[in-house]
Amino acid sequence: MLDHGAPPHNGGPAAPHPPGVGMRLMRRKPVERLVAEGGQGEGGTLRRSLGLWQLTMISIGATLGTGIFVVLGEAVPKAGPAVTLSFVIAGLTALFSALSYAELAGTIPVSGSSYSYAYATMGELVAWVCGWCLMLEYGVSVAAVAVGWGEYLNELLDGTIGVTLPAALSAPPGDGGVFNAPALIVVMLAMAFLLGGARESARANTVMVLVKIGALVLFCAIGVQGFRSGNYENFMPLGMAGVSAAGATLFFSYIGFDAASTAGEEAKNAQRDLPRAILLSLAIITALYVLVAAVAVGAKPWRQFTDSEATLAQIMREVTGQSFWGTLLAFCAVIAIASVVLTVLYGQTRILFAMSRDGLVPKVFARVSPRTGTPRANTLIVSLFCGVLAAAVPLGQLADATSIGTLFAFALVNVAVVVLRRSRPDMPRSFRVPLSPLLPALGFGFCLWMMGSLSTVTWVVFGVWMAVGLVFYFLYGYRRSRLAAPAPSEAK
């Protein structure tokens with residue numbers, strides 16, 4: 001736009017107005033530019049080496065085990081036997097968002113997940129908010145899951161060699177300890193795998209996923225022997241409010257089904273395989289969660305559940321009267337939770353990679369090793385941060401903070417799919433959400449409902465987190481955004 005009210009400079013046309021603050025906050029990144037930049041980093045490119053099987057295993061690896069092995073003991077006292085219904089509600093909320101993720105992942109197959117989808121549809125400020133929430137979802141959930149890993153490690157050590165780690169070294173401050181060393185160790189092990197390359201990490205994850213699926217099937221086969229129908233007589237003792245509260249907590253256990261979308265720039269056929277991987281993984285996860293929760297509550301009265309992270313191993317031991325099965329399950333859980341840490345940590349590094357490439361966070365997160373095709377510095381920084389966080393903060397606080405950040409990001413994805421349908425209706429889509437905009441609207445509503453079920457303390461933490469994020473954006477990202485400059489092809 002030209003300023004016709006200003007005199008021309010040296011007889012030439014007037015200089016165009018620089019975009020205002022509002023326009024800069026709302027600037028969108030074209031889908032074509034997002035896709036064209038796929039895989040490009042500082043000094044190297046990501047390698048496309050992942051197929052449908054690996055992508056599905058990444059989503060299952062990032063999800064399966066978190067709620068069942070870690071958070072179930074916290075959710076049952078909130079809902080009673082109706083915790084199975086809480087899993088269904090949380091899974092339904094995840095399903096609506098998964099449909100939106102599937103459409104956008106097939107349309108915009110890049111590493112930024114919902115951050116990139118928001119950038120293409122709702123502008124830079126909303127994209128930043130979404131990316132900041134993803135840091136809460138992925139980075140903090142790595143720490144939360146790592147905390148639970150130490151509980152099962154103690155169960156394993158107790159069952160095999162008869163010793164456990166002292167509380168001072170196996171629990172964070174506030175939970176009776178000083179420093180959670182096992183939580184830091186498992187994050188460092190995951191970091192070592194990721195530094196080796198995406199293909200190598202995917203292979204290790206696949207093995208670990210098969211182990212934990214086998215462990216849950218084994219639990220059901222043994223736990224059903226202790227099933228007592230009387231444990232279900234008072235199905236909803238705390239009412240629908242308890243079911244809703246437990247569902248909000250258990251939504252934490254569905255975090256990760258979107259992990260495949262963070263692998264968009266390392267998938268062989270991203271547009272075809274990403275939607276399939278997301279929906280297939282969610283179906284498998286939900287079925288296993290509901291089955292295991294039903295067996296667990298049937299085998300143990302709900303009032304006897306505690307906030308121990310090693311709930312399933314305890315049930316196995318109580319049903320059989322032998323320590324062997326509980327020890328075996330603890331071993332499988334150690335493998336299972338390590339898989340979650342590995343894949344969620346992977347997702348966090350790839351989201352930061354995309355944000356760094358856009359100039360919104362420092363360039364160091366976009367540097368790619370030419371030898372391994374991985375963002376090495378990014379992986380090191382994120383791993384150290386998550387490891388220290390896991391060693392110092394209690395699980396419950398981490399899980400709820402992660403849930404609210406995830407729900408907010410999922411809500412934005414449901415909006416993004418509708419916006420892109422209206423703004424770019426002719427774009428090729430390998431998957432389309434049925435009954436749009438109804439199902440995305442339901443997904444958006446369910447996310448807001450579950451956010452409302454979280455505690456006031458969680459909302460305060462979320463508010464502080466968002467305030468810090470906005471300060472960082474206006475001090476750094478707003479000024480350094482690469483979208484303010486022309487794309488390389490446009491600059492020539």
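Please refer to the structure placed before this passage.
Residues numbered from 1 in each chain as written. Predicted model: local features only at pLDDT ≥ 70, side-chain atom pairs only at ≥ 80, totals over all residues. Heavy atoms only, no water.

Student: Please give an account of the packing of helix H3 (residues 52-63) against helix H10 (residues 198-223) that cites residues and values.
Tutor: Across the interface, H3 lies against H10 with an axial gap of 9 Å and an inter-helix angle of 60°. Classed by the angle they form, the pair H3 and H10 counts as oblique. Judged by the sense of rotation from one axis to the other, the crossing of H3 with H10 is left-handed. Along the contact surface, H3 presents Trp53, Gln54, Met57, Ile58, Ile60 and Gly61, while H10 presents Ala202, Asn205, Thr206, Val209 and Lys212. Split by residue class, the contact of H3 with H10 holds six nonpolar, four polar and one charged. (Axes fitted to C-alpha atoms, helices over the stretch in contact; angles between N-to-C directions. Helix = DSSP H or I, 4+ residues; strand = E, 2+ residues; numbered from the N terminus. Parallel < 35°, antiparallel > 145°, perpendicular 65-115°, else oblique. Left-handed = near helix turned anticlockwise from the far one by under 90°. Contact = heavy atoms within 4.5 Å. Nonpolar A, V, L, I, M, F, W, Y, C, P; charged D, E, K, R; others polar.)

Student: Explain the packing of helix H5 (residues 83-107) against helix H11 (residues 239-250) to me, using residue names and the numbers behind them.
Tutor: The interhelical angle for the contact between H5 and H11, taken along N-to-C directions, is 55°, at an axis separation of 8 Å. Comparing their axes, H11 and H5 come out oblique. The two elements H5 and H11 meet at a crossing, and its hand is right-handed. Residues Val83, Leu85, Ser86, Phe87, Ile89 and Ala90 of H5 lie in contact with H11, whose contacting residues are Met240, Val243, Ala246, Gly247 and Leu250. Each residue belonging to the contact of H5 with H11 can be placed in one class, and the counts come to nine nonpolar, two polar and no charged.

Student: Please give an account of the nonpolar core that cites residues and values.
Tutor: Membership of the largest hydrophobic core comes to 145 residues, with the highest contact counts inside it found for Val83, Phe87, Phe219 and Leu312. Examining the composition of this core, we find that 20 residues originate from one element, helix H7 (residues 124-160), more than from any other. When residues no more than four places from it in sequence are discounted, the contact partners of phenylalanine 219 are Val224, Val292, Val295, Ala296, Leu312, Ile315, Met316 and Leu329. (Core = buried A, V, L, I, M, F, W, Y, C linked by side-chain atoms within 4.5 Å. Buried < 20%, exposed > 50% of the residue type's maximum accessible area, 1.4 Å probe, protein only.)

Student: Explain the packing of aromatic side chains to me, using residue names and the numbers behind them.
Tutor: Any aromatic ring pair is given by two values, namely how distant the centres are and how the planes are angled relative to each other. Under the criterion given, the structure shown has 22 aromatic pairs. Aromatic side chains phenylalanine 408 and phenylalanine 462 sit 5.7 Å apart centroid to centroid with 55° between the ring planes, which places their arrangement in the tilted category. Taken together, the residues phenylalanine 408 in helix H16 (residues 395-423) and phenylalanine 462 in helix H18 (residues 456-480) connect sequence positions 54 residues apart. Take phenylalanine 408: its relative accessible area is 25%, and that puts it in the partly exposed class. Relative accessible area serves as the criterion here: at 8%, phenylalanine 462 is assigned to the buried category. Lying over the aromatic face of phenylalanine 305, lysine 300 brings its terminal NZ or CZ to 5.5 Å of the ring centre. (Phe/Tyr/Trp six-rings, centres within 6.5 Å; stacked < 30°, edge-to-face > 60°. Lys NZ or Arg CZ within 6 Å of the ring centre and 35° of its normal.)

Student: Please give an account of the environment of glycine 139 that cites residues and values.
Tutor: When you line up the elements, glycine 139 lands in helix H7. For glycine 139, a relative accessible area of 3% gives the class buried. Counting along the chain gives 248 residues from glycine 139 to glycine 387, while the straight-line C-alpha distance between them is 9.7 Å. With sequence-adjacent residues up to four places away left out, glycine 139 is seen in contact with Leu134, Gln348 and Cys386.

Student: Pulling in residues and values, what's your account of the pattern of salt bridges?
Tutor: For the coordinates displayed, the defined rule picks out 11 salt bridges. One salt bridge connects glutamate 37 with arginine 33, and the closest N-O pair in it is separated by 3.2 Å. Take glutamate 37 and arginine 33: they sit in the same class, and that class is buried. Between glutamate 266 and arginine 350 there is a salt bridge, with the nearest N and O atoms lying 3.1 Å from each other. Here arginine 350 lies in helix H14 (residues 323-357) and glutamate 266 lies in the loop between H11 and helix H12 (270-299), a separation of 84 residues in the sequence. You can call arginine 350 buried: its relative accessible area is 1%. One salt-bridge network, held together by shared partners, links Lys29, Arg33, Glu37 and Asp358. (Salt bridge = Lys/Arg side-chain N within 4 Å of Asp/Glu carboxyl O.)

Student: Kindly report on a nonpolar patch on the surface, identifying the contributing residues and their values.
Tutor: Taken together, the side chains of Phe235, Met236, Met240 and Trp449 present a nonpolar region at the surface, about 350 Å² in accessible area. Looking at where tryptophan 449 falls in the secondary structure, it is placed in helix H17 (residues 438-452). (Patch = residues over 30% accessible without salt bridge, like charges linked within 9 Å, V, L, I, M, F, W, Y side chains within 5 Å. Areas by Shrake-Rupley, 256 points an atom, 1.4 Å probe, with all protein chains shown as cover.)

Student: Explain the environment of valine 361 residue by residue, including any values.
Tutor: Note that valine 361 resides in the loop between H14 and helix H15 (376-392). Classification of valine 361 as buried rests on a relative accessible area of 4%. For the pair valine 361 and tyrosine 473, spaced 112 residues apart in the sequence, the C-alpha separation amounts to 8.5 Å.

Student: How would you summarise the side chain of threonine 374 if you had to cite specific residues and measurements?
Tutor: On the secondary structure map, threonine 374 appears in the loop between H14 and H15. Dropping the residues within four chain positions of it, threonine 374 is found in contact with Leu194, Leu195, Gly197, Ala198, Arg350, Arg367, Val368 and Ser369.

Student: Go over the layout of surface pockets with me, naming the residues and quoting the values.
Tutor: The computed volume of the second largest pocket comes to approximately 290 Å³. Residue lining of the second largest pocket: 16 residues in total, with Met135, Leu352, Phe365, Val382 and Phe385 positioned closest to the centre. Counting only elements with at least two residues in the lining of the second largest pocket, the list comes to H7, H14, H15 and H18. Element by element, the count of residues in the lining of the second largest pocket is highest for H7, at five residues. Class assignment of the residues belonging to the lining of the second largest pocket gives a composition of 14 nonpolar, two polar and no charged. (1 Å grid on protein atoms, 1.4 Å probe; cavity = no way out; pocket = protein on both sides within 12 Å on 5 of 7 lines; lining within 4 Å. Points joined across faces, edges and corners; volume = space filled by probe spheres on them.)

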